[in-house]
Amino acid sequence: MRKFYFLVLFFSSGLGFAQEEKTFTKHHCFSFLLSHTYVSQGVIDGDRKWLILPSVALDYNYFFMPKWSVGLHNDLIIENFKVEKKEEVFERTTPIASALTAGFKPGEHFTYQFGLGGEFAKEEDFFLIRFGVEYGLELPKDWELVSNFVYDIKWNAYDSFSIGIGISKSFK
């Protein structure tokens, strides 16, 4: 039992030294990505097929700590399409998905995201849960080359995932 207490004490004291006070000056970050959205429940000529749809993303993140952020992420699918939901086919007219997200950036490149929001279209709106991961490569003058993978679960509807690439700019 003494060994257990010693180990807990040792590792907890080591964590205190490992957490240096990091100062950061860039709190705001805007990103623009070109992407493709994949939908497995798509319908083409009455047959169920995978759809690959062009989309764009405009994201804003506010870093309130060096590793933590909150944001507003918006994805717009540029095409109209049909999907099957419980054996019923319905159309989606250029839907936009918006989510309030929380992000965690444990290192220099990867950011893990979770969010809640909705997908909005002329026909019907859906509640969504979003999971995502983003990889960024720093460029000069606070620019960054980013790629992302986002998975949206739309309640009582269909799921989709997006893969994108773009740029982001950080500000004070």
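One can find the structure itself at the top, above this paragraph.
From a predicted model like this one, the values you see are computed outputs, not experimental measurements. (Residues numbered from 1 in each chain as written. Predicted model: local features only at pLDDT ≥ 70, side-chain atom pairs only at ≥ 80, totals over all residues. Heavy atoms only, no water.)

Bringing the nonpolar core into the picture now. Grouped together as the largest cluster of nonpolar side chains are 10 residues: V39, L51, L53, I77, F81, V83, F90, F126, A157 and Y158. Among the secondary structure elements, those contributing two or more residues to this core are β2 (47-63) and β4 (81-85). Beyond its immediate stretch of four places on either side in the chain, V83 contacts V39, Q41, G42, V43, E88, V89, F90, R92 and Y158. (Core = buried A, V, L, I, M, F, W, Y, C linked by side-chain atoms within 4.5 Å. Buried < 20%, exposed > 50% of the residue type's maximum accessible area, 1.4 Å probe, protein only. Helix = DSSP H or I, 4+ residues; strand = E, 2+ residues; numbered from the N terminus. Contact = heavy atoms within 4.5 Å.)

Moving on to the pairing of strand β8 (residues 126-139). Remark: a regular strand shows side chains that alternate across the two faces of the sheet. Looking at chain direction, strand β7 (residues 110-120) and β8 are connected through 10 bridges and run antiparallel. When the sheet's bridge partners are listed, F110 is paired in β8 with Y135. Connecting the antiparallel pair β7 and β8 is a turn made up of 5 residues. Sheet topology places β8 next to strand β9 (residues 143-154); 12 bridges connect them, and they run antiparallel. Among the inter-strand pairings, F131 is bridged to a residue of β9, identified as Y151. (Pairing = 2+ DSSP bridges.)

Our focus in this paragraph is empty space enclosed by the protein. One simple way to see leftover space: roll a probe sized like a water molecule over the atoms. According to the stated counting rule, one finds 2 cavities of 30 Å³ or more in the structure shown. Lining the largest cavity are T37, D75, I77, P95, I96, A97, E119, R130, D152, K154, S160 and S162. Breaking the lining of the largest cavity down by element, the ones donating at least two residues are β3 (68-77), β6 (96-104), β9 and β10 (159-171). The class makeup of the residues in the lining of the largest cavity is 4 nonpolar, 3 polar and 5 charged. Approximately 30 Å³ is the volume found for the second largest cavity. Taken together, S35, A57, D75, N148 and S162 form the lining of the second largest cavity. (1 Å grid on protein atoms, 1.4 Å probe; cavity = no way out; pocket = protein on both sides within 12 Å on 5 of 7 lines; lining within 4 Å. Points joined across faces, edges and corners; volume = space filled by probe spheres on them. Nonpolar A, V, L, I, M, F, W, Y, C, P; charged D, E, K, R; others polar.)

To continue, consider the pattern of salt bridges. Taken as a whole, this structure holds 6 salt bridges when the rule is applied. Between D75 and R130 there is a salt bridge, and its shortest N-O distance comes to 3.0 Å. Of the two residues, D75 is situated in strand β3 and R130 in strand β8; the sequence distance between them amounts to 55 residues. With relative accessibility at 12%, the residue D75 sits in the buried group. Since its relative accessible area comes to 2%, R130 is described here as buried. Notably, a salt bridge pairs K85 with E124, separated by 3.9 Å at the nearest N-O pair. Residue K85 is found in strand β4, and its partner E124 is found in the loop between β7 and β8; the two are separated by 39 residues along the sequence. Each member of the salt-bridge network shares a partner with another, and the members are D75, R130 and D152. (Salt bridge = Lys/Arg side-chain N within 4 Å of Asp/Glu carboxyl O.)

Despite not being glycine, D45 has its phi angle at roughly 50 degrees, a positive value. Within the secondary structure, D45 is located in the loop between β1 (28-44) and β2. A relative accessible area of 77% means that D45 is categorised as exposed. At D142, a position not held by glycine, the phi torsion is positive, near 65 degrees. As for its position among the elements, D142 is in the loop between β8 and β9.

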